[in-house]
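# Fold and geometry: a report
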Amino acid sequence: MAKLSSLSPLNGYQESIGSISLREINDYSLVSLAIPQDTTKTFAKIIKDEFGVAMPTSVMSKTNKKMRLLMTQPDQIFSIIPQVDDPEKDLSKIIGNAAYITDQTDAWVVLEISGVTSRTALERICQVDLDPNIFKLNAMARTTMEHMATIIIRTDVDTFLLMSASSSAKSFLHAVKLSAQHIS
Amino acid sequence: MSQSFRINGGLTDRSKPINFTFNNKKMVGYEGDTLASALLANGQRLVGRSFKYHRPRGIFSAGSEEPNALVQLRTGAYQEPNTRATVTELFDGLTATSQNHRGSLGFDFMSVTDLLSPFLGAGFYYKTFMWPKAFWEKIYEPIIRSSAGLGSLSMLEDPDKYDKGFLHCDLLIAGSGPSGLAAALAAGHAGLRIIIADEDYLLGGRLLEEDHNIEGISGQDWVLQALAELTEMSNVRILPRTTIYGAYDHGIYGALERKTDHLAHSGDKPRQVLWRIYSKRAMICGGATERSIAFPNNDRPGIMLAGAVRAYATRYGVATGNKIAIFTNNDTGWQTAVELVAKGVNVVAIIDPRDTAPRAHISGVAMIMGASVCNTSGRKALNRITLTNGQTLNVDCLAVSGGWSPNVHLTCHQRGRPIWNDTIAGFVPGGDLPVGQFVAGAANGDMTLGAALKSGHKTATLIAKDLGFTTNVSKEAKADDENFAIKQFWHVTGYKQRAWIDLQNDVTTKDIKQSQAEGFRSVEHLKRYTTLGMATDQGKTSNVLGLAVMAEATGKTIPETGTTIFRPPYSPVAIGAFGGRERGQHFHPTRLAPSHKWADEQGAEFVEVGNWMRAQWFPKSDDKTWRDSVDREVKKTRTSVGVCDVSTLGKIDIKGRDAAEFLNKIYSNPFAKVPVGRVRYGLMLREDGICYDDGTTARLAEDHFVMTTTTANAVLVYRNMEFARQCLFPNLDVHLISTTDQWAQFAIAGPNSRAVLSKIIDKVDMSNDGFPFMACSNVTVCGGTPGRLFRISFSGELAYEVAVPVRYGDALIREIIKAGEEFDITPYGTEALGVMRIEKGHVTGAELNGQVTAFNVNMNNMISTKKDSIGSVLSRREMMIADDQVRLVGVKTVEISDSLASGAHFVAKGEKPTTKNDQGWVASVCYSPHFEQHIGLGFLERGHERHGEIIRAWDGVRGTDILVEIVSAHMYDPEGGLQRG
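Fair warning: this is a prediction, and the values are worked out from it, not measured in the lab.

## Examining the overall build of chain A
Of regular secondary structure, chain A possesses four helices and 11 strands. Relative to its length of 184 residues, chain A is compact, with a C-alpha radius of gyration of 17 Å against a globular reference of 16 Å. Each principal axis of the C-alpha distribution contributes one length, and for chain A these read about 50 × 50 × 30 Å. Burial statistics for chain A: of 184 residues in total, 58% are counted as buried. Contacts in chain A between residues far apart in sequence, at least 24 positions, make up 58% of those at least 6 positions apart. Roughly 7900 Å² of accessible area belongs to chain A as shown, and the carbon and sulfur atoms make up 52% of that amount. Averaging the coordinates of the 18 positive side-chain charges in chain A and doing the same for the 20 negative ones gives two points 4 Å apart.

## A few points about the interface of chain A and chain B
The partner chain B presents 59 residues to the 51 residues of chain A that form the contact. Interface of chain A and chain B: buried area, both sides summed, is about 4500 Å²; carbon and sulfur atoms make up 47% of it. Viewed at the interface, chain B and chain A are joined by six salt bridges. The partner of Arg725(B) in a salt bridge is Asp75(A), with the nearest N and O atoms 3.0 Å apart. At the boundary of chain A with chain B, the tally comes to 39 residue pairs in polar contact (both at pLDDT 80 or more). By residue number, the principal contributor to the side of chain A that touches chain B is helix α4 (residues 169-183) of chain A, which donates eight residues. Residues that form the side of chain A that touches chain B fall into these classes: 19 nonpolar, 21 polar and 11 charged.

## Regarding unusual backbone geometry
Trp131(B) connects to Pro132(B) through a cis peptide bond whose omega is -15°. With respect to the helices and strands, Pro132(B) occurs in the loop between α2 (112-115) and α3 (135-147). Look at the link from Pro568(B) to Pro569(B): it is a cis peptide, with omega at 0°. For Asp38(A), which is not a glycine, the phi torsion comes out positive at approximately 60°. Under the relative-accessibility criterion, Asp38(A) is labelled exposed at 76%. Residues other than glycine seldom take positive phi values, yet His147(A) does so here, at roughly 70°. Here His147(A) is to be found in the loop between β9 (140-145) and β10 (148-156).

## Concerning the confidence of the model for chain B
Here chain B averages 95 in pLDDT, and 100% of its residues register 70 or above. Interface confidence in the predicted complex, given as ipTM, is 0.97; pTM for the same model is 0.93.

## A word on the sheet that holds strand β40 (residues 743-749) of chain B
All names here are of chain B. Across the sheet, six strands lie side by side as β41-β42-β43-β40-β34-β44; this open sheet has mixed pairing. Strand pairing shows two members of the sheet lacking a second neighbour, β41 (776-781) and β44 (826-827), which therefore form its edges. Across seven bridges, β40 lies against strand β43 (residues 799-805) in antiparallel orientation. Bridging across to β43, Trp743 finds its partner in Pro805. Relative to β40, helix α19 (residues 809-820) is tilted by about 15°, and along the sheet it contacts β34 (642-645), β40, β41 and β43.

## Quick look at the pairing of strand β45 (residues 886-893) of chain B
All names here are of chain B. For β45, a buried count of eight out of eight residues is recorded, marking the element as mostly surrounded by other parts of the structure. By the alternation rule, side chains of β45 split into Val886, Leu888, Gly890 and Lys892 and Arg887, Val889, Val891 and Thr893, which are all buried. Examined bridge by bridge, β45 and strand β48 (residues 933-941) share seven bridges and lie antiparallel to one another. From the neighbouring strand, Lys892 faces β48, where its bridge partner is Ile935. Two strands pair when backbone bridges link them, and β45 and strand β50 (residues 960-967) are joined in this way by four bridges, in the antiparallel orientation. In the strand pairing of β50, Thr893 is matched with Val964.

## A few points about the sheet that holds strand β18 (residues 324-328) of chain B
Residue and element names in this part refer to chain B. Read across the open sheet, the five strands follow the order β17-β24-β18-β19-β20; overall the sheet is parallel. Here the strands that pair on one side only, and so sit at the sheet edges, are β17 (303-305) and β20 (366-369). If you compare each strand with its neighbour and ignore which way they point, the axes differ by 20° on average. Relative to strand β24 (residues 397-401), β17 is paired through three bridges, and the arrangement is parallel. By the bridge assignment for β24, Met304 is matched with Ala399. The strands touched by helix α6 (residues 306-314) within the sheet are β17, β18 and β24, with β17 carrying the most contacts at an inclination of about 85°.

## Remarks on the state of the cysteines
Disulfides are covalent bonds that connect the sulfur atoms of two cysteines. Scanning the entire structure with this criterion turns up zero disulfides over all chains. No disulfide involves Cys126(A); its sulfur sits 16 Å from that of Cys169(B), the nearest cysteine. Of the residues examined, Cys126(A) reaches a relative accessible area of 1% and is grouped as buried.

## A short note on helix α8 (residues 449-466) of chain B
Note: α-helices contain 3.6 residues per turn, so residues at a spacing of three or four share the same orientation. All names here are of chain B. Here α8 spans 26 Å end to end across 18 residues, near enough to the 26 Å set by a 1.5 Å rise per residue. Along its buried surface, α8 packs onto β8 (161-174), α4 (178-190), β10 (213-214), α5 (219-232), β15 (270-284) and β28 (437-439). At the exit of α8 stands Gly468, carrying a positive phi of roughly 90°.

## Here's the deal with the side chain of Gln76(A)
The topology assignment puts Gln76(A) in strand β6 (residues 76-82). Among the polar contacts listed, one links the side chain of Gln76(A) to the side chain of Thr72(A), at a separation of 2.6 Å. Apart from residues no more than four positions distant in its own chain, Gln76(A) is found in contact with Ser32(A), Leu33(A), Ala34(A), Leu70(A), Met71(A), Leu736(B) and Ile737(B).

## Thoughts on the environment of Lys458(B)
All names here are of chain B. Counting through the fold element by element, Lys458 comes out in helix α8. For Lys458, a relative accessible area of 53% gives the class exposed. Here the alpha-carbon distance between Lys458 and Glu878, two residues 420 residues apart in the chain, equals 70 Å.

## Considerations on the nonpolar core
In this structure, Leu35(B), Ile59(B) and Tyr312(B) are the most contacted members of the largest nonpolar core, which totals 55 residues. Apart from residues lying up to four places away in sequence, Ile59(B) is in contact with Ala36(B), Leu39(B), Leu40(B), Arg45(B), Val47(B), Glu66(B), Ala69(B), Thr86(B), Ile303(B), Met304(B) and Tyr312(B).

## Quick notes on the side chain of Ser928(B)
All names here are of chain B. In this structure, Ser928 sits in strand β47 (residues 920-928). A distance of 2.9 Å separates a polar atom in the side chain of Ser928 from the backbone nitrogen of Phe931. Among all residues touching Ser928, those that are not within four sequence positions of it are Glu839, Gln933 and Ile935.

## Quick notes on the packing of helix α1 (residues 40-51) of chain A against helix α2 (residues 87-95) of chain A
Residue and element names in this part refer to chain A. Put simply, α1 and α2 touch, their axes get as near as 10 Å, and they point 100° apart. In this view, α1 runs roughly perpendicular relative to α2, as classed from their interaxial angle. Residues Ile46, Glu50 and Phe51 of α1 lie in contact with α2, whose contacting residues are Leu91, Ile94 and Ile95. Of the residues belonging to the contact of α1 with α2, the class tally is five nonpolar, no polar and one charged.

About the cut-offs
Residues numbered from 1 in each chain as written. Chains lettered and ligands numbered in written order. Predicted model: local features only at pLDDT ≥ 70, side-chain atom pairs only at ≥ 80, totals over all residues. Heavy atoms only, no water. Helix = DSSP H or I, 4+ residues; strand = E, 2+ residues; numbered from the N terminus. Rg over C-alpha atoms; globule rule 2.2 N^0.38 Å. Buried < 20%, exposed > 50% of the residue type's maximum accessible area, 1.4 Å probe, protein only. Contact = heavy atoms within 4.5 Å. Areas by Shrake-Rupley, 256 points an atom, 1.4 Å probe, with all protein chains shown as cover. Lys, Arg positive; Asp, Glu negative; His and termini not counted. Charge placed at Lys NZ, Arg CZ, Asp CG, Glu CD. Buried area = accessible area lost by both parts, 1.4 Å probe. Salt bridge = Lys/Arg side-chain N within 4 Å of Asp/Glu carboxyl O. Polar contact = N/O pair within 3.5 Å; in protein donor to acceptor, adjacent residues only side chain to side chain. Nonpolar A, V, L, I, M, F, W, Y, C, P; charged D, E, K, R; others polar. pLDDT = per-residue confidence, 0-100. Pairing = 2+ DSSP bridges. Axes fitted to C-alpha atoms, helices over the stretch in contact; angles between N-to-C directions. Disulfide = S-S within 2.5 Å. Expected span 1.5 Å × (residues − 1). Core = buried A, V, L, I, M, F, W, Y, C linked by side-chain atoms within 4.5 Å. Parallel < 35°, antiparallel > 145°, perpendicular 65-115°, else oblique.

Structure (structure tokens):
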């Protein structure tokens, strides 16, 4: 029997609304790395040595071209990497027991919003202060948008990644899309 | 009507006429008019009828404080009652109708209530309509209901869209008059991020309505200059048509921006946006509102606030009468006279109760000092006033100024109290302002222009310094201070006729005195008893007047009398704006199960389970009712095989070297020694020993468990476990992460479930020995897709649950159906799921209702005495394990044809259904296709000892009282042979 076909939460959605571009990002793997007790320093060194990325903080993600790290808890980070079949297996080959690894790829939907008016649209659903002088490049925040838990990351001048639970992906898209429509 | 009351000047654009209707009468105004200014320009005096007495009323003010000119705007579903004509921007095609009259506005049948006014004073409804008692429901109440209220709803759904949003700033400035603009310039030049908001569509406040000079240019030109400067600054955001309606905690303000109310159509965009503004600092520059003087018959159309008369002339180019008199106790009334005369408006007299020399010399105007107005004539339009010195004057407009009340509301929204200032005869902000809030200009008691400009600039400069910004960048604008002297003169006494205090609620000086005489001494009681200060204007023009009269009546001072509590919103906010986008299907987010698309294709009926949409049953063409569908799904599952999407149940991955020990503390039963590859059912207790969730937890590796929770409790369990992890057992190496949305999980149940799954699962020995009951494993499915397999059974049948990452969920359900075709596999929904678990005696939230213990559900043996766990100690309290406690039982109707309802109470035969005789309750019920009758689960005192007993199930709500047999809760396959086979 052939392997099962896969469907992303928003089936590869992509749209332009006024000057705003909105698309689903689905070519990634997302993995939770939980740091065993009393090993934070060791873990940070391994991440730096193996991936060349420093430990993130609760307000700033850290990235190189291949990987972005977010801190979700003091002893837990999320790692966003290019898509692989079995991210738990692949990562454990590299970092071994340095972390408890859990695949989270399917638990989240990721939208990218970009454009000169992206902040104006996000004002309608995001409580975080996104002023470019306050929410700098690579900044991240955990917040809610229209009652859905969301992680927001600034990835470029006017570009943001929005991550939310995959089961409410359609509601989340509706919320973001409506915001873009309302200001366009 | 032509615009016979237009004069030269004003800010309206005469090159852009606008057509509108009032009570179906066509009229013309100009761009820049409000509905009120356009009505006045057209000579429309009568605009409504008063609330209680249906007295003819005209436009009273020029702003959001308007008590009289409440109209119904628009038609059909867009119809909106109680809209103030004074703040309604005129647009082409606007339709407005007057409110609160039966018959026409000019001939209101309900005006007979004015004749009954002696019986309709304050609190009349506490003293009347009492007898006969039977008349209340059928006669009095319907009449009162149909007469009460102002305006009417369309009874259609509001078709407009609304939105919400969040803004951030260093400094929020509420109000764009002289102090607000001065503050914005100072702070803007210093580099602060500013939001300046004004409820008006033109910024400038009173500089648009009064003739002033600021550094050699007119006030209006200064405003234009200031706005041009501010518009150029990228750190300044200007929000016209935006009311700052509330001051909330931590420097957060509520604001309502009216985006399209001034347009004929919203064009599919939100009509209004409700903003939550997070400010480091805020300046309240909301100015002051003029108040009236109470004198006999002071409510006629044509009697207006003097500042409003001035505003209509200066801003809108409208004379409010052909012969205007001014009655004032302060110098601003004189300034009004000077400006009106300068514009060619006919002012016949100024009446001033102060015994001084005239405050100005105005040629052609009679200046009558030391006198007051003591009566007026002209029911539908003022035509004459009578003075206390005996004079009568023929006038068609009386401009009244009783002083100015600083708009302190936003300073008091957190229970702050304003303080009385005798010099200006008004309340000013008290000392306890909301955090980060400052006040400037007239709102702070700086009533004159020079003082307002100065205070705005100075306060903003201080704020900028405090926030670490450079401050000496902008120059302070200067202007002269006009005269502002006032005599505290509240009402004209000694006359029989009624003198109005609150025009909107028809409250007179007599009502206030009566209220005091009847024992309502507190100003809060005065408000409730008389309704002074209620409804859309919230007493903006009447509150101070009312409590001044009350102070006199009680012999107290005004400060001693105090004010009522100020609450948001400052002015009315549509409920739709508070609702925002949350309406219809978007009221809350929806969560979809991985097989939702497939289930929809099958025609499933869905049900809301919290935010989830779950398939409830899958109707087929032969099914006549939902029961047919559910019965069929149950029978087919129990005789062959069924599949159900159980992805919504909570899944928590628990990892760490101390994961087992952690679970040992979370669950009441032992978990430390669960072997890898096995699943165990677990019970969770609250700290007080009450059961709060149950589920199965699988051990996939030494340091890796996967917990399932009930759908409803997924978040609660996760939150409690995180609390336990971080706060109760911080020394344990254990980590949690929700994987509810990571995995699509399907239950496959029935005698042929093994056969179906053998086609799905790769390379696993699916025999009973190879994969026994309560086994689990990481597997691959369908030729290599990673997955997990659990042999667990909620239905009581031979059953499994198979999980794959959600992206494969849709594909997997289709493969399972294909694999099950030869066995006539049936999808089943939550109803069939519920029937089977009741038949089996498995508890859910209906039983674990937050009141029952492990003892009650016959699981006391699941509380280990060999280890400590959350809730175990308190679960052993004497009362909780007493012999007479309720115990879980099965219930079967004695008569096969009877049906059971959950919530029925167990009562012995022959006993009355009382609390004393209540022996327990029915928790869950269903029709059982297996037993071919209605069954249920319930809780009965000493239930475990009473199997076989016949008792009553009494339902007082539905009116049923039937006999039931008490049986073991495990009605179906009590030995469990099927699920272990």
